[in-house]
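Overview (structure and organization)
Residue strings, one per chain:
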Amino acid sequence: MSKMLNEICDMLDGYTGRDKIIRTLCYTTKLASGLYAQSDPGRAKKLAIFSSKMSQTRATLRLFDDLPMLAYSLSYGCGSKEPDRWMGLIGFVTNLIDHAYYPVDKICWLIEHNLLNVENPTRWDTINSMLWVASIYLNLMKTIRSFTVMEQHKSCIDKKENESSQAFRMLLIKQRMEAISILRLSLDLVHAGSTLPKGMLWGGRFQTWHVGLIGSISSLLGLYQYVAKKRIVKQSS
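Just so you know, these numbers come straight off a predicted model, no measurement behind them.

Here is what the cut-offs are and how they apply
- Residues numbered from 1 in each chain as written.
- Predicted model: local features only at pLDDT ≥ 70, side-chain atom pairs only at ≥ 80, totals over all residues.
- Heavy atoms only, no water.
- UniProt positions renumbered as here; feature names shortened; annotations may be inferred.
- Helix = DSSP H or I, 4+ residues; strand = E, 2+ residues; numbered from the N terminus.
- Salt bridge = Lys/Arg side-chain N within 4 Å of Asp/Glu carboxyl O.
- Buried < 20%, exposed > 50% of the residue type's maximum accessible area, 1.4 Å probe, protein only.
- Disulfide = S-S within 2.5 Å.

**Some thoughts on the UniProt feature "transmembrane region" (unreviewed entry) in the chain**
Within this structure's numbering, the places UniProt gives as "transmembrane region" (unreviewed entry) are residues 208–227. Overall, residues 208–227 shows 100% helix and 0% strand. The separation of its end C-alpha atoms is 28 Å.

Written out as structure tokens, the structure is:
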């Protein structure tokens, strides 16, 4: 019990872990709200309000992501440290898109809270969604490429003593994590595409509980990866 409590406190103590918990609360309550829409409208409304507040909390916290993103991009450079030049190129382009996303996201936040008046607020929401879709798509392509490179490395190992080595076991663990990332990013791409206007991809076609279900599964996968990666780091140190 104390071990689980300590892990939860560790998550809440940092920005990434806290964001993942807030995201999970946001989408699980959105899912519940959609499911209760017909049977209990009152409860559905309360759950929808809670979900909306969690979403607003994440949006507010994103206002401070610019400098960490800049520091990451500077350390990443052109992706020369990636095991594959295509991964490096995709990562570099993704960083550029993310740097365009954050200012647009701030403008949308200001518009939502009536701190900025523009002629066409919907246009900014559309641009925001398009950048979000592009970023997730490129991250998905990069992760698929990473999984493929790991598979190629595995095929080069044909000796039994190598297959039982610690390095090979770590490769299998990393590849399993990449497979989970592919599933999570695919769900995020479906979700992001649904926020586009009608007529663009599958924008506006999902019901509330659809979005809640997709977001909930993705968030739970993200929580699992966060905890699993921390345990892997402890085991390898």
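On we go from here.
**Thoughts on the pattern of salt bridges**
Tallied over the full model, the rule gives eight salt bridges. The shortest N-O distance in the salt bridge between Asp-40 and Arg-43 comes to 3.6 Å. According to the relative accessible area criterion, Arg-43 is partly exposed, its value standing at 41%. With a closest N to O distance of 2.8 Å, Asp-105 and Arg-62 form a salt bridge. Here Asp-105, found in helix H5 (residues 85–112), pairs with Arg-62, found in the loop between helix H3 (41–61) and helix H4 (66–76); they are 43 residues apart in sequence, far enough to count as distant. Through salt bridges that share partners, Arg-23, Arg-184 and Asp-188 make up one connected network.

**Things to note about the state of the cysteines**
Going through the model one piece at a time under the given rule, you end up with zero disulfides. The structure places no disulfide on Cys-26, whose sulfur is separated from the nearest cysteine sulfur, that of Cys-108, by 16 Å. For Cys-26, a relative accessible area of 3% corresponds to the buried category.

**A short note on unusual backbone geometry**
With phi around 60 degrees, Asn-114 is a residue other than glycine that occupies positive phi space. Residue placement: Asn-114 occurs in the loop between H5 and helix H6 (121–155). Of the residues examined, Asn-114 reaches a relative accessible area of 66% and is grouped as exposed. Despite not being glycine, Leu-201 has its phi angle at roughly 50 degrees, a positive value. Looking at where Leu-201 falls in the secondary structure, it is placed in the loop between helix H8 (166–194) and helix H9 (208–236).

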